[in-house]
Amino acid sequence: MPALNFDRNAEYILEDDHVLLRPLQETDLDNLLTFALNEQDTWKYSSKGGRGRDGMLAYIQDALTLKATGIEYPFIVFDKLSQSYAGSTRFYDIQPKMQTLQLGYTWYGGKFRGTKLNKHCKFLLLQFAFETLGAERVEFRADARNERSIAAMKSIGCTVEGLLRSNTPLPEGGRRDSIVLSILKSEWVNGVKENLKAKL
């Protein structure tokens, strides 16, 4: 039976002329600390935040713990144009036998939002997921209130599937609805890839 060609111990490095994604490491605390201290609104809609030094350290340690189990694979994002670290993203809910995974926990510092950085990252990650790992489906989720994130996902070619009502607790209390989107391998091959590439 087919399965994802995924090795949790591999050092996956994805890059183009604009961006480099490499595995997140505990030593990356210093590379991401400025966002944790000075841009805490970055995680306004996230169920996993990195606010403050201790918050960012816990964020990284949690990501690495989940990486060791094989269900997540976190990256740090390096912007080649400014020669600086920009944020983080990851594959998660990796299900090799189902040939599916989710792409998310993506955040960037303020000066990188609204640039082409996200599209370059998503192109590399989707190309890797479909063409190297052999995924049949890549899923995305977001807080249903996060209009910027939802618009970004639609712009790369995601299809909205529906709403999961009250499915995630919020750090400040209460619960959120999550919107579910996806891209299928057949969609990637038959238009999404070329459309996204044209926007880079």
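Residues numbered from 1 in each chain as written. Predicted model: local features only at pLDDT ≥ 70, side-chain atom pairs only at ≥ 80, totals over all residues. Heavy atoms only, no water.

Draft legend 1. Quick peek at the sheet that holds strand β8 (residues 175-184). Sheet architecture is open: eight strands sit in the order β1-β2-β3-β4-β5-β6-β8-β7, paired in mixed fashion. Edge positions in the sheet fall to β1 (14-15) and β7 (159-169), since each has one partner strand and no second. Where strand β5 (residues 100-108) meets strand β6 (residues 137-143), three bridges bridge the pair, whose relative direction is parallel. Bridging from a neighbouring strand, Q102 pairs with E139 of β6. Against the sheet, helix α1 (residues 29-38) touches β2 (19-23), β3 (72-79), β4 (84-95) and β5, its axis set at about 100° to β4. Packing of helix α3 (residues 117-133) onto the sheet brings it into contact with β1, β2, β3, β4, β5, β6 and β8, and relative to β5 it is tilted by some 160°. (Pairing = 2+ DSSP bridges. Helix = DSSP H or I, 4+ residues; strand = E, 2+ residues; numbered from the N terminus. Contact = heavy atoms within 4.5 Å. Axes fitted to C-alpha atoms, helices over the stretch in contact; angles between N-to-C directions.)

Draft legend 2. Structural detail: the layout of surface pockets. Computed from the structure, the largest pocket encloses a volume of approximately 1,000 Å³. Lining the largest pocket are 40 residues; nearest its centre among them are T106, W107, N146, R148 and S149. For the lining of the largest pocket, the secondary structure elements donating two or more residues are β4, β5, α3, β6, α4 (147-155), β7 and β8. Counting residues per element, the lining of the largest pocket draws most heavily on β5, at seven residues. (1 Å grid on protein atoms, 1.4 Å probe; cavity = no way out; pocket = protein on both sides within 12 Å on 5 of 7 lines; lining within 4 Å. Points joined across faces, edges and corners; volume = space filled by probe spheres on them.)

Draft legend 3. Up close: the packing of aromatic side chains. A complete count under the given rule lists 13 aromatic pairs for this structure. On the numbers, 5.6 Å between centres and 75° between planes, the contact of F35 with W107 is edge-to-face. Separated by 72 residues along the polypeptide, F35 in helix α1 and W107 in strand β5 bring together distant segments of the chain. For the pair F35 and W107, one class covers both residues: buried. An angle of 80° between the planes, with centres 5.9 Å apart, marks the rings of F75 and F91 as edge-to-face. In this pair, F75 sits in strand β3 while F91 sits in strand β4, placing the two residues 16 residues apart along the sequence. For F75, a relative accessible area of 0% gives the class buried. Through a chain of ring-to-ring contacts, three or more aromatic side chains come together here, namely F6, Y12, Y73, F75, F91 and F128. The ring centre of Y105 lies 4.6 Å from the NZ or CZ of R90, which sits over that ring. (Phe/Tyr/Trp six-rings, centres within 6.5 Å; stacked < 30°, edge-to-face > 60°. Buried < 20%, exposed > 50% of the residue type's maximum accessible area, 1.4 Å probe, protein only. Lys NZ or Arg CZ within 6 Å of the ring centre and 35° of its normal.)

Draft legend 4. Inspection of the pattern of salt bridges at higher detail. The final tally for this structure, using the stated rule, is eight salt bridges. A salt bridge links E15 to K80; its shortest N-O distance comes to 2.7 Å. With a gap of 65 residues between them, E15 in strand β1 and K80 in the loop between β3 and β4 connect regions that are remote in the sequence. D143 is the partner of R145 in a salt bridge, and the nearest nitrogen-oxygen pair spans 2.7 Å. (Salt bridge = Lys/Arg side-chain N within 4 Å of Asp/Glu carboxyl O.)

Draft legend 5. Summary view of helix α2 (residues 52-69). The end-to-end C-alpha distance of α2, which contains 18 residues, comes to 26 Å, matching closely the 26 Å that a straight helix rising 1.5 Å per residue would cover. Buried within α2 are the following residues: G52, G55, M56, Y59, I60, A63, L66 and K67. The arc that holds every buried residue of α2, seen down its axis, measures 130°, which confines them to one face. Facing away from the buried side of α2 by over 90 degrees, the exposed positions are D54, T65 and A68. Following α2 by one or two positions, G70 adopts a phi angle in the positive range, close to 90°. (Expected span 1.5 Å × (residues − 1). Arc of directions from axis to C-beta.)

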